[in-house]
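# Structure at a glance
Here is what each chain is made of, one letter per residue.
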Amino acid sequence: MHGQAIARGDVITPEAAHDPSRYVARDCAGLDFFAIDVGVRDLLGLYLAPDTRAALEPHFQRMGELAGGQLDALARAADQHPPVLNARDRFGRDEDWIDYHPAYREMEQIAFGDFQFHAMSHRGGVLGLDAPLPFVAKYAFQYLFVQAEFGLMCPISVTDTSIHLIRKFASAELQAYLLPKMLSSDMATLWKGTQFMTERAGGSDVGAIETVARRDGDDWRLYGDKWFCSHADADVALMLARPEGAPAGTAGLALFALPRWLKDGRRNSYRIVRLKDKLGTRSMASGEIRLEGAVAYLVGDVTRGFKQMMEQVNLSRLSHGVRAAAMMRRCVNEALTCARARVVFGEKVIDHPLLRRQLMKLIVPTEQALSMVMQATRCMDEANAGSSEARNVVRILTPLLKFRACRDNIPVATGSMEVRGGNGYIEEWVHARLVRDAHVGVLWEGTSNINAIDIVARAVGKSGAHKALSALVTKRLEAAQALPGTFRRRLAETFARAAAFAERVAAEPAAEPSARRAASALYHATSAVLLAFEGAQPGVDPRRALLARFVLDHRLAHRDPFAPDDDAFEHAAIDLVLGDGDLAPAEAMRLL
Ligand SMILES: Cc1cc2nc3c(=O)[nH]c(=O)nc-3n(C[C@H](O)[C@H](O)[C@H](O)COP(=O)(O)OP(=O)(O)OC[C@H]3O[C@@H](n4cnc5c(N)ncnc54)[C@H](O)[C@@H]3O)c2cc1C
C-alpha cells in the first residue's frame, strides 16, 4: 500500500556516488500526488459513480501533478511572502487594500479560474460536466490541492459556502445581484466571499456578538468590530449582527451580506484595520475589520441568522476535516519518501523497527481520516438526493471528522518532521509549514471542545444522530463478509460500546468533561468499521482492513504500559502495510 506508491529514490548512479547531497533524502517535490495515493484512488472507485469517476479522472490526474509540482512551488513562495495591508493610498485616502505575492495570485487562477472549486457544487459547466459535481468529487479535489497549499483553501471554501447561504436563504433579488458575480470563473469579474463572526467578546460564544445593525430607510447599516476575518478583502462577507432592539444571545442575531463595493462603485464604509501575524496559513490574509455604518443586505429571515449561519459552519467543518486528511497524507508521503532514501547506521531509516512503528502512527490516522471524508461526503450526496437517514449521518460525521482529524493532524505533522531529522526543522523543507498550518484546525470553526460538545450534547443527545450512524455501521459490516466473523463481531461490539458511552455522557450533564473521550471513541470505532469494510471490497487494497485492527488495538483497547510491544499481529501487519506489491486479500484476512 505504502510501498509501491512512493518513488523509492534509492538508485545511486556512479556520478551521484561522489555527490555530497546524496546523503540528504529527497522529498516529494515533483511527484504526482494522485498517482502515488493508492488510498484515494481505491476509494474513489468505491464511493463515486463509475461514469463520474471516468469523466473526472483526467482532472484528478492534472490536480495530482499540479499539487506535487507547480502548486507546491507556488505555495512555498506565497508562504514566504505573506500578504501586506496598505491602509491608505498615496493621496491620503482611506483606500485600504492588500498586496499578495504573484505566486498567490497564480494559485487563485488555478483554483477559482481553472478548476472553479468555488462553483463546482453549485452549477454545471465545471471540468466538462453538465451538472454540479458530487460532493465526493469536490472534496477529493480539495484533498489533492491542500497537499500543496493550505492557506488559499480558506478563501476557496468560504466563497463556496457563502454561495451556498445566498442560494439557500437570500431573496430572489439579492441572488440575482450576487450569484452571477460569485459564480464567475473570470478573475476580473469574480466576487469572492467570506464569513466574519468572531469578535473580541467571543468566538465560541457567538451569542456575545456586539455588532449592531441599524435601519437607514430601506438599507441596513452595520456598526462594530470583527476580530478574526480570514480572507479579509473578500468582495462579499456574510456576517452576523444584532438588529437594534433584538434579544440578547444567538436568538437575536441576523445574517447579512456585506459588499466591499456599493452599487454606485464607492467603497463600503468599513476598514481593514490590521492583518494578523499568524503562526500558519501565512499565504492568506486574516485581519480585523471596523464597521463604520457599512451597508449590508439582509439574508433570509431576520430572526434566524444564527441557524442559517450554522449551515455554513457545518460545511466549513467538513472542509476542515478534508484539509486535515490532506495535510496528513502529505506528511505520510514525505515521511515515507525520506525514510526510504536516508541511510543511518548502515541501514535505510525505514528498516529500523522502532521507526517502522513510528511510521504506522502517521499512516493509521491518515487513512482513518480519508475513510471518514469519503463516507461523510458520500452521505452528503445521498442527503442532497433526499435521504433523511444520510442527513442524520452527516450531522454527526461532520463534527466527528473536524474534531478528531484536526487533532490527529498535529502529531502526524510533528512525527513526519521527526522522520526527516534536523532537516525537517528547517524552513526550506515543507515540514515546518505543515507543522505550523496543522495547528489552526483545532481553533477555527469551533475549537476541539466546541466540536466535542456539539457531537455529544447536540448530535447524540438532542438529534439522536448516532442511531443513523449505527444503522450505517451495521450495513457496512453486513457488506464486509470477506472479513473473519470474529473480527466483524469485534468491530460491531466496539461501535456499540462507543455509541452507548456517548449516549451516557450526553444524558448526564456532570459527564461533560468526558465529551472529548466519547467523541474520540465514536470516531475511532466508526473509522475502524469503514476501513475494514473498504479493505474487504474488491478493487480496494486489503491493507485497509489491517489498519482497522490497529485502530481497535491502539485507540480502543487497554494495553499494559509495562509490557513490550511484541505482538505477532503487529510485526506481520507492519511488514505488509509498509511492503511493496499487491497483497492477496486472503493473506490480510488471515492475519485479522
Ligand atoms: C487564523 C485564524 C483565522 C480565523 N478566521 C476567522 C474568520 O474568518 N471568521 C471568524 O468568524 N472567525 C475566525 N477565526 C476565529 C476562530 O473561529 C475563533 O478563534 C474560535 O472560534 C475560538 O474563539 P475564541 O478565540 O473567542 O476563543 P474562546 O471562545 O474564548 O475559547 C477559549 C478556550 O475556551 C474553550 N471553550 C470555549 N467554550 C467552551 C465551553 N463551552 N466548554 C469548554 N471549553 C470551552 C475553547 O475550546 C478554548 O480552548 C479565526 C481564528 C484563527 C486562529
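On a predicted model such as this, the values are computed, not experimentally measured, just so you know.

### Quick look at unusual backbone geometry
Here Q116, not a glycine, exhibits a phi torsion of approximately 50 degrees, which is positive. Its place among the elements puts Q116 in the loop between α4 (102–114) and α5 (135–146).

### With respect to the packing of helix α8 (residues 305–341) against helix α11 (residues 431–438)
Two numbers describe how α8 lies on α11: the axes approach to 11 Å, and their chain directions differ by 150 degrees. By the angle class used here, α8 and α11 are roughly antiparallel. α11 is crossed by α8, and the crossing has left-handed handedness. In contact with M327, R330, C331 and E334 of α8, α11 contributes H431, L434, D437 and A438. Residue classes in the contact of α8 with α11 are distributed as four nonpolar, one polar and three charged.

### A look at the site of the ligand
The immediate surroundings of the ligand are formed by 19 residues, with M197, T198, S204, S230 and T447 found nearest. Here a nitrogen atom of the ligand sits 3.1 Å away from a polar atom, N or O, in the main chain of Q195. S230 places a polar main-chain atom, nitrogen or oxygen, 2.7 Å from an oxygen atom of the ligand. A total of 970 Å² of accessible area belongs to the ligand in isolation, and the protein chains cover 63% of it. Secondary-structure elements contributing two or more residues to the shell around the ligand are β3 (193–196), β5 (219–230) and α12 (448–462). Residues belonging to the shell around the ligand are distributed by class as follows: nine nonpolar, eight polar and two charged.

### Examining the pattern of salt bridges
Following the criterion strictly, the structure yields 40 salt bridges and no others. Its salt-bridge partner being R200, residue D225 comes within 4.0 Å of it at the nearest N-O pair. In this pair, D225 is assigned in strand β5 and R200 in the loop between β3 and β4 (212–216), connecting sequence segments 25 residues apart. A salt bridge links E367 to R329; the nearest nitrogen and oxygen atoms lie 3.0 Å apart.

### Things to note about the pairing of β5
Of the strand pairs in this sheet, β4 and β5 are connected by five bridges, and their pairing is antiparallel. Note on β5: the bridge partner recorded for D216 is D219. Where β4 folds back on β5, the antiparallel hairpin that results is connected by two residues, among which G217 adopts a positive phi of roughly 65 degrees. Of the strand pairs in this sheet, β5 and strand β9 (residues 286–298) are connected by nine bridges, and their pairing is antiparallel. From the neighbouring strand, G224 faces β9, where its bridge partner is L291.

### So, the state of the cysteines
Taken as a whole, this structure holds zero disulfides when the rule is applied. In this structure C28 is a free cysteine whose sulfur lies 9.6 Å from that of C338, the closest cysteine sulfur available. A relative accessible area of 0% places C28 in the buried class.

### Some words on α11
Among the eight residues in α11, eight count as buried, and that is most of the element. Taken as a whole, α11 has its buried residues at H431, A432, R433, L434, V435, R436, D437 and A438. Those residues of α11 hidden inside the fold are in contact with α3 (70–80), α8 and α10 (388–419).

### What to know about the domain arrangement of the chain
Accessible area lost upon the coming together of the parts is a frequently used measure of interface size. In terms of domain boundaries, the chain breaks down into domain 1 (193–306) and domain 2 (447–591). Placing the centre of domain 1 and that of domain 2 at their C-alpha centroids yields a distance of 41 Å.

### A few points about the pairing of β3
Burial along β3 is two-sided: G193 and Q195 facing one way and T194 and F196 facing the other are all buried. Strand direction decides the pairing type here: β3 and strand β6 (residues 236–243), joined by four bridges, are parallel. In the strand pairing of β6, F196 is matched with M239.

### So, the side chain of T398
Within the secondary structure, T398 is located in helix α10. Relative accessible area serves as the criterion here: at 3%, T398 is assigned to the buried category. Contact partners of T398, with chain neighbours within four places excluded, come to N314, R317 and L318.

### Let's talk about the nonpolar core
Counting residues in hydrophobic clusters, the biggest one holds 204 residues, and the most contacted among them are F60, F141, L359, L400 and L483. Built from parts of two domains, this core gets at least three residues from each of domain 1 (193–306) and domain 2 (447–591). Excluding residues that lie within four positions of it along the chain, L359 makes contacts with A335, L336, A339, I350, V419 and L578.

### Regarding helix α7 (residues 172–182)
Since the α-helix turns once every 3.6 residues, residues separated by three or four places project in the same direction. Listed in full, the buried residues belonging to α7 are L174, Y177, L178, L179 and M182. Its buried side turned inward, α7 meets α6 (153–169), β3, β6, β7 (254–259) and β9.

### Some remarks on the packing of aromatic side chains
Under the counting rule described, the total for this entry stands at 12 aromatic pairs. The interplanar angle of 75 degrees and the centroid separation of 5.3 Å between the aromatic rings of F117 and F145 together place this pair among those described as edge-to-face. A residue pair is termed long-range when its members are at least 10 positions apart, and F117 in the loop between α4 and α5 and F145 in helix α5 qualify at 28 residues. For the pair formed by F117 and F145, the shared burial category is buried. Between the aromatic rings of F150 and W444, the centroid separation amounts to 6.2 Å while the plane-to-plane angle is 35 degrees, which identifies the pairing as tilted. Of this pair, F150 sits in the loop between α5 and α6 while W444 sits in the loop between α11 and α12; the two residues are 294 residues apart in sequence, bridging distant segments of the chain. Neither F150 nor W444 differs from the other in exposure class; each is buried. Three or more aromatic residues joined by ring pairs make a cluster, and in this case those are F34, F60, F115, F117, F141 and F145. Over the ring of W227 we find K276; its NZ or CZ atom is 3.6 Å from the centre of that ring.

### Focus: the environment of A170
Along the chain, A170 turns up in the loop between α6 and α7. On the basis of relative accessible area, A170 is assigned to the buried category, the value being 9%. For the pair A170 and K226, spaced 56 residues apart in sequence, the C-alpha separation works out to 22 Å. Apart from residues lying up to four places away in sequence, A170 is in contact with L165, Q175, V299 and G300.

Conventions adopted
- Numbering of residues starts from 1 in every chain and runs along the sequence as written.
- Reporting of local features is limited, given that this is a predicted model, to residues whose pLDDT is at least 70; pairs of side-chain atoms are given and counted only at 80 or more, and all residues count toward the totals for whole chains, interfaces and linings.
- Side-chain metrics rest on all non-hydrogen atoms present in the structure, leaving aside hydrogens and water.
- Elements are defined by DSSP. Helices are runs of H or I of four residues or more, strands are runs of E of two residues or more, and each kind is numbered from the N terminus.
- Axis angles are defined between N-to-C directions and span 0 to 180 degrees, where every axis is a line fitted to C-alpha atoms and, for a helix, only to the segment in contact.
- For classification purposes, an angle smaller than 35 degrees is called roughly parallel, one larger than 145 roughly antiparallel, one from 65 to 115 roughly perpendicular, and anything else oblique.
- Less than a right angle of anticlockwise turn of the near helix away from the far helix marks a crossing as left-handed, whereas a clockwise turn marks it as right-handed.
- Contacts between residues were defined by any pair of non-hydrogen atoms, one from each residue, lying within 4.5 Å.
- Residues are sorted three ways: Asp, Glu, Lys and Arg are charged, Ala, Val, Leu, Ile, Met, Phe, Trp, Tyr, Cys and Pro are nonpolar, and all the rest, Gly among them, are polar.
- Only a single heavy atom is needed: when it lies within 4 Å of a molecule or strand, its residue is near that molecule or strand.
- Throughout this description, a polar contact denotes any pair of N or O atoms lying within 3.5 Å of each other; where both atoms belong to protein, one of them has to be capable of donating a hydrogen while the other can accept it, and for residues adjacent in sequence the pair is counted only when both atoms sit in side chains.
- Using a 1.4 Å probe, accessible areas were evaluated by the Shrake-Rupley method; residue-level cover was limited to the displayed protein chains.
- The term salt bridge refers to a pairing of a side-chain nitrogen on Lys or Arg with a carboxyl oxygen on Asp or Glu at a separation within 4 Å.
- In this description, strands pair whenever DSSP reports at least two bridges between them.
- Any cysteine sulfur atom paired with another within 2.5 Å is treated as part of a disulfide.
- The classification of residues rests on relative accessible area computed with a 1.4 Å probe and restricted to protein chains. Under 20% of the type maximum is buried, over 50% is exposed, and intermediate values are partly exposed.
- As annotated, the domain borders come from an automatic or database domain assignment.
- By convention a nonpolar core is built from buried Ala, Val, Leu, Ile, Met, Phe, Trp, Tyr and Cys residues, the set being connected through side-chain atoms within 4.5 Å.
- Each pair of aromatic rings taken from Phe, Tyr and Trp, with Trp reduced to its six-membered ring, is defined by centres within 6.5 Å and is described as stacked if the planes are under 30 degrees apart, edge-to-face if over 60, and tilted in the remaining cases.
- Any Lys NZ or Arg CZ that is within 6 Å of a ring centre and within 35 degrees of that ring's normal is treated as a charge sitting over the ring.

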